[in-house]
Amino acid sequence: MYILAPAIWISMFLVFLKLKKQLNTELHFLPSGDQQKEMIIKHPIIGKNVGNILVDAHLLSSPFSIVIIVNQTCSFCLTELEELILENQSYQLPIFNVISIDSKAEGNAHSEKYSLYQHDVTQLQVEQETITKLEIHDFPTLLLVDQNGTVLGEHGWYRGVFHQYNFILKGGEGNVE
């Protein structure tokens, strides 16, 4: 018994030293404080032109438009579209509802659930491959687009789009998230 207690304490101390060394090694690989400030993570679609890819360029007549990309199987997308339409009543920005269509699936008819809002938004359909090439994997995805079709911001929630729109109107630039 007298030998067992010190052996346990020594073993625990050696394990502690090994874990401390491993932690210091991992901390060494993290960027320093100055490097962290320079790291800005943004979606690769920001700055790209989506005119004639997602939205026909001749439809972009307003200085700013909102493009909401939804999937037919997304259960939250319809709720987000409803909230976007309600919030947009004070902004009056054109809204384009882009529905992702899987060309390989059978029975890919236009989803009836979005037809209720066809007088509030412009309904468009795009192949799933196009959405994948633009690296859009989350639905709904909301894009703030200028009249040239350039994406100014990518958001997952309608409030982010309107926050960025207000920021631009006040003279700010860039992606605000």
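All residue numbers refer to positions counted from 1 along the written sequence of the respective chain. Only residues with pLDDT of at least 70 are given local features in this predicted model, and only at 80 or more are side-chain atom pairs given and counted; all residues enter the totals for whole chains, interfaces and linings. Computation of side-chain values covers all heavy atoms of the structure but excludes hydrogens and water.

Q: Got a minute to help me understand the state of the cysteines in this structure?
A: Disulfides are covalent bonds that link the sulfur atoms of two cysteine residues. The disulfide criterion is simple: two cysteine sulfur atoms within 2.5 Å. Applying the stated criterion across every chain yields a total of 1 disulfide. Between the sulfur atoms of C74 and its disulfide mate C77 the distance is 2.2 Å. Here the disulfide of C74 and C77 is right-handed, its torsion about the S-S bond being about 95 degrees. Under the scheme applied here, a residue whose accessible area is under 20% of the maximum for its type counts as buried, over 50% as exposed, and between as partly exposed, the area being computed with a 1.4 Å probe on protein chains only. According to the relative accessible area criterion, C74 is buried, its value standing at 12%.

Q: Looking at this model, I keep getting lost on the pairing of strand β1 (residues 64–71). Mind explaining?
A: As a general feature of sheets, a regular strand has side chains that alternate between the two faces. A run of H or I in DSSP counts as a helix once it spans at least four residues, and a run of E counts as a strand once it spans at least two, with each numbered from the N terminus. In terms of burial, β1 is a largely internal element, 8 of the 8 residues being buried. Burial of β1 is two-sided: the residues F64, I66, I68 and V70 facing one way and the residues S65, V67, I69 and N71 facing the other way are all buried. Should DSSP find at least two bridges between two strands, the strands are regarded as paired. As judged from the 6 bridges shared by β1 and strand β4 (residues 141–146), these two strands associate in the antiparallel manner. When the sheet's bridge partners are listed, S65 is paired in β4 with V145. Judged from the 6 bridges that link them, β1 and strand β2 (residues 95–101) form a sheet pairing that is parallel. Bridge assignment links V67 to a residue of β2, and that residue is F96. For the handedness criterion, the strands are oriented away from the viewer, and a crossover whose path from the first strand over the helix to the second runs clockwise is classed as right-handed. Remark: the β1/helix α3 (residues 77–88)/β2 crossover connection has right-handed handedness.

Q: For this particular structure, what's the right way to read the sheet that holds β2?
A: Across a sheet, paired strands are connected by hydrogen bonds in the backbone, their directions being either parallel or antiparallel. Sheet architecture is open: 5 strands sit in the order β3-β2-β1-β4-β5, paired in mixed fashion. The open sheet has two free edges, formed respectively by β3 (122–127) and β5 (151–155), since each of these has just one partner strand. Sheet twist, expressed as the average angle between the axes of neighbouring strands with direction ignored, equals 25 degrees. Here, residues are in contact when the closest pair of their heavy atoms is within 4.5 Å. Only C-alpha atoms enter the line fits that serve as axes; for helices the fit covers just the stretch in contact. Angles between N-to-C directions range over 0 to 180 degrees. Sitting on the sheet, α3 touches β1, β2 and β4, and the angle it makes with β1 is about 165 degrees.

Q: Would you explain α3 in this entry?
A: Owing to its 3.6 residues per turn, the α-helix aligns residues three or four sequence positions apart on the same side. Between its terminal C-alpha atoms α3 stretches 16 Å, which fits the 16 Å expected from 12 residues at 1.5 Å a residue. Those residues of α3 that sit buried are C77, L78, E80, L81, L84, I85 and N88. The buried residues of α3 occupy one face: seen down the axis, they fall within an arc of 160 degrees. Among the structural elements, β1, β2, α4 (112–115), β4 and α6 (158–169) are those in contact with the buried residues of α3. Each helix should span, by expectation, one fewer than its residue count multiplied by 1.5 Å. To be clear, the arc concerns the directions from the helix axis to the C-beta atoms.

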